[in-house]
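# Geometric and topological summary
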Amino acid sequence: MQSFTYLSPTEVIFGKDTQNKVAECVRKYDGSRVLLVYGGGSVIRSGLLGQVRQVLADAGLACEEFGGVQPNPTLEHAKKGIRSALEFQADFLLGVGGGSVIDTAKAIAIGAANPTADIWDFWCRKATATHALPTGAILTIPAAGSETSNSAVLTCTATGSKRGLSSDLNRPRFAIMNPELTYTLPVYQVACGVTDIMMHTLDRYFNPVDNELTDAIAEALLRTVIAKGRIAVKDSHDYDAMSELMWAGSLSHNGLTGLGGPGDFAVHQLGHELSAMFGTAHGASLSTVWGSWALSVCHARPERFARYARNVWGLDGAGVNDLAMAGIRSTVKYFAGLGMPVSFGENPDIGIQKDEVLRELAYRCSFQQTRTIGTFDVLDVKRIYEIYREANR
Ligand code: NZQ
Ligand code: ZN
């Protein structure tokens, strides 16, 4: 086991009607002037926004709203939010929605606490943020895990780059998780969420280090998400399935399922370029390339893929290489069964691309050939290009 520091300080308030506790949560973490961040309108249609507004008002908390966050949220929109937060003199950011909303709330929290900075410098590692306003979340989709993660992902539309900032400043103070708030989700978003939850653990599990306890936790999480995901795409009103997915979404990305190893996250890096260029949903960007990535890296440690096939998919019998391949096939088949695209051609936002586009994607993913990605197998620009080419069918 490699050395690690584990911090997961977010208070989780889980269960039916927990959104009614939002005012006490804000007060507990010293908030009095709340900037409430939300997305494209799902929380208006579901009535959640009105409910939260009322609970905050009844508790005497000042509240201003900042909506309009789009999936794959932009830097430009977050900067507008920073201006709103400063004008309102917000001292607390509350994200009500999914990963895009919560990430925007986190970005505003950093920007409002560093009003003279260009926050993109933090995302590009040109500067280090040292303080942020406190944030909290009311989650409406089990997916990104932003409600407990240390990460916030933004897209700069001017440069077409999608970047994540990992910092403990990004850990929300609290996460309110009521599985009933997910009932209004479209099936496609449920499937995108299931894919992303699996991928946060897969991108940690496939790394160079074996750790018995961490790996067993990861495998249990994956088995649970696979089983409950099948139910959730058929019936998003299944409280048990949505509960398990919601909790799994947080555990999958708060660090737990990769402790003691370096993680890999190549698939996330490959996917981010697809979302940046084509605007495809995050979960779909991952399913589009996972199979091609797995085929490309499997040779590095086929025994790891064989263990995955045995312990996650219940496969057995064949030799290591055959078992490894069977595990990859099961995973791709599962994503396809959820209705997720597993190639460029199947992804309606992308489609089959010309070779020059694949080369540009690889160039961008390698940060203009200044970095490699992955640890399970280290991928340079050429390997990255080959993976995109394999997925381009
Ligand atoms: O915007 P609204 O109208 O709310 O609609 C959203 C959006 O269209 C809708 N939705 C959410 N909850 C709903 C609902 N519709 C009906 N009923 C509900 N209960 O779903 C759509 C997708 O929402 P979004 O927030 O974009 O989804 P998700 O949670 O998957 O977040 C994706 C973003 O998070 C980033 C992704 O890159 C992407 O930008 N990630 C953030 C991470 C983090 N902060 O730790 C880690 C992840 O790997 C990921 O990169
Ligand atoms: Zn993700």
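Residues numbered from 1 in each chain as written. Chains lettered and ligands numbered in written order. Predicted model: local features only at pLDDT ≥ 70, side-chain atom pairs only at ≥ 80, totals over all residues. Heavy atoms only, no water.

This next bit is on the nonpolar core. Side chains that are nonpolar tend, in soluble globular proteins, to be buried together. Trp290, Trp293, Phe305 and Tyr388 are the most contacted members of the largest nonpolar core, which has 65 residues in total. No other element matches helix α7 (residues 187-205), which puts nine residues into this core. Excluding its chain neighbours within four sequence positions, the residues that come into contact with tyrosine 388 are Gln269, Leu270, Glu273, Leu274, Val289, Phe344, Leu358, Leu361, Ala362 and Cys365. Core analysis: the next-biggest nonpolar cluster, separate from the first, contains 28 residues, Val37, Ala78, Phe88 and Ile110 among them. (Core = buried A, V, L, I, M, F, W, Y, C linked by side-chain atoms within 4.5 Å. Buried < 20%, exposed > 50% of the residue type's maximum accessible area, 1.4 Å probe, protein only. Helix = DSSP H or I, 4+ residues; strand = E, 2+ residues; numbered from the N terminus. Contact = heavy atoms within 4.5 Å.)

Our next topic: the coordination of the zinc ion (ligand 2). Note on the zinc ion (ligand 2): its protein donors are Asp196 (OD), His200 (NE2), His268 (NE2) and His282 (NE2). The metal-donor distances range over 2.0 to 2.2 Å. Sequence positions of the donors to the zinc ion (ligand 2) reduce to the motif D-x3-H-x67-H-x13-H. In this pair, histidine 200 sits in helix α7 while histidine 282 sits in helix α11 (residues 282-297), placing the two residues 82 residues apart along the sequence. Of the two residues, histidine 200 and histidine 282, both sit in the buried class. (Donors = N, O, S within 2.8 Å, 3.2 Å for Na, K, Ca; no water.)

A few words now on the site of ligand 1. The environment of ligand 1 is formed by 33 residues, the closest being Ser42, Ser100, Asp103, Ser149 and His200. A distance of 2.8 Å separates a nitrogen atom of ligand 1 from a polar atom in the side chain of threonine 140. At a separation of 2.7 Å, an oxygen atom of ligand 1 approaches a polar side-chain atom of lysine 162. Those elements that place two or more of their residues in the shell around ligand 1 are α5 (99-113), β6 (151-156), α7 and α10 (266-278). The residue inventory of the shell around ligand 1, partitioned by class, reads 11 nonpolar, 19 polar and three charged. Viewed by domain, the shell around ligand 1 spans two of them, domain 1 (11-182) and domain 2 (187-391), each represented by three or more residues. (Near = heavy atom within 4 Å. Polar contact = N/O pair within 3.5 Å; in protein donor to acceptor, adjacent residues only side chain to side chain. Nonpolar A, V, L, I, M, F, W, Y, C, P; charged D, E, K, R; others polar. Domains from an automatic or database assignment.)

Another aspect to go through is the packing of helix α12 (residues 302-313) against helix α13 (residues 320-338). For the pair α12 and α13, the least separation of the axes is 7 Å and the interaxial angle reads 55 degrees. Classed by the angle they form, the pair α12 and α13 counts as oblique. Here α12 and α13 pass one another in a crossing that is left-handed. For the pair α12 and α13, the contacting residues are Pro302, Glu303, Phe305, Ala306, Tyr308, Ala309, Arg310 and Trp313 in the first and Val320, Asn321, Leu323, Ala324, Gly327, Ile328, Ser330, Thr331 and Tyr334 in the second. Across the contact of α12 with α13, the residue classes break down as 11 nonpolar, four polar and two charged. (Axes fitted to C-alpha atoms, helices over the stretch in contact; angles between N-to-C directions. Parallel < 35°, antiparallel > 145°, perpendicular 65-115°, else oblique. Left-handed = near helix turned anticlockwise from the far one by under 90°.)

For the chain, the assigned domains are domain 1 (11-182) and domain 2 (187-391). When each unit is reduced to the centre of its C-alpha atoms, the spacing between domain 1 and domain 2 is 26 Å. One can count zero salt bridges joining domain 1 with domain 2. Linking domain 1 with domain 2 are three residue pairs in polar contact (both at pLDDT 80 or more), by the criterion used here. Of all the secondary structure elements, the ones that give two or more residues to the side of domain 1 that touches domain 2 are β1 (11-14), β6 and β7 (161-166). The class makeup of the residues in the side of domain 1 that touches domain 2 is 10 nonpolar, 10 polar and six charged. (Salt bridge = Lys/Arg side-chain N within 4 Å of Asp/Glu carboxyl O.)

Extensive coverage of β6 is indicated by the burial of six of its six residues. Along β6, one buried face is formed by Ser151, Val153 and Thr155 and the opposite face, lined by Ala152, Leu154 and Cys156, is buried too. Relative to β7, β6 is paired through six bridges, and the arrangement is antiparallel. Bridge pairing in β7 places leucine 154 opposite arginine 163. Here β6 folds back onto β7 in antiparallel fashion, the turn holding four residues, of which glycine 160 has a positive phi close to 70 degrees. (Pairing = 2+ DSSP bridges.)

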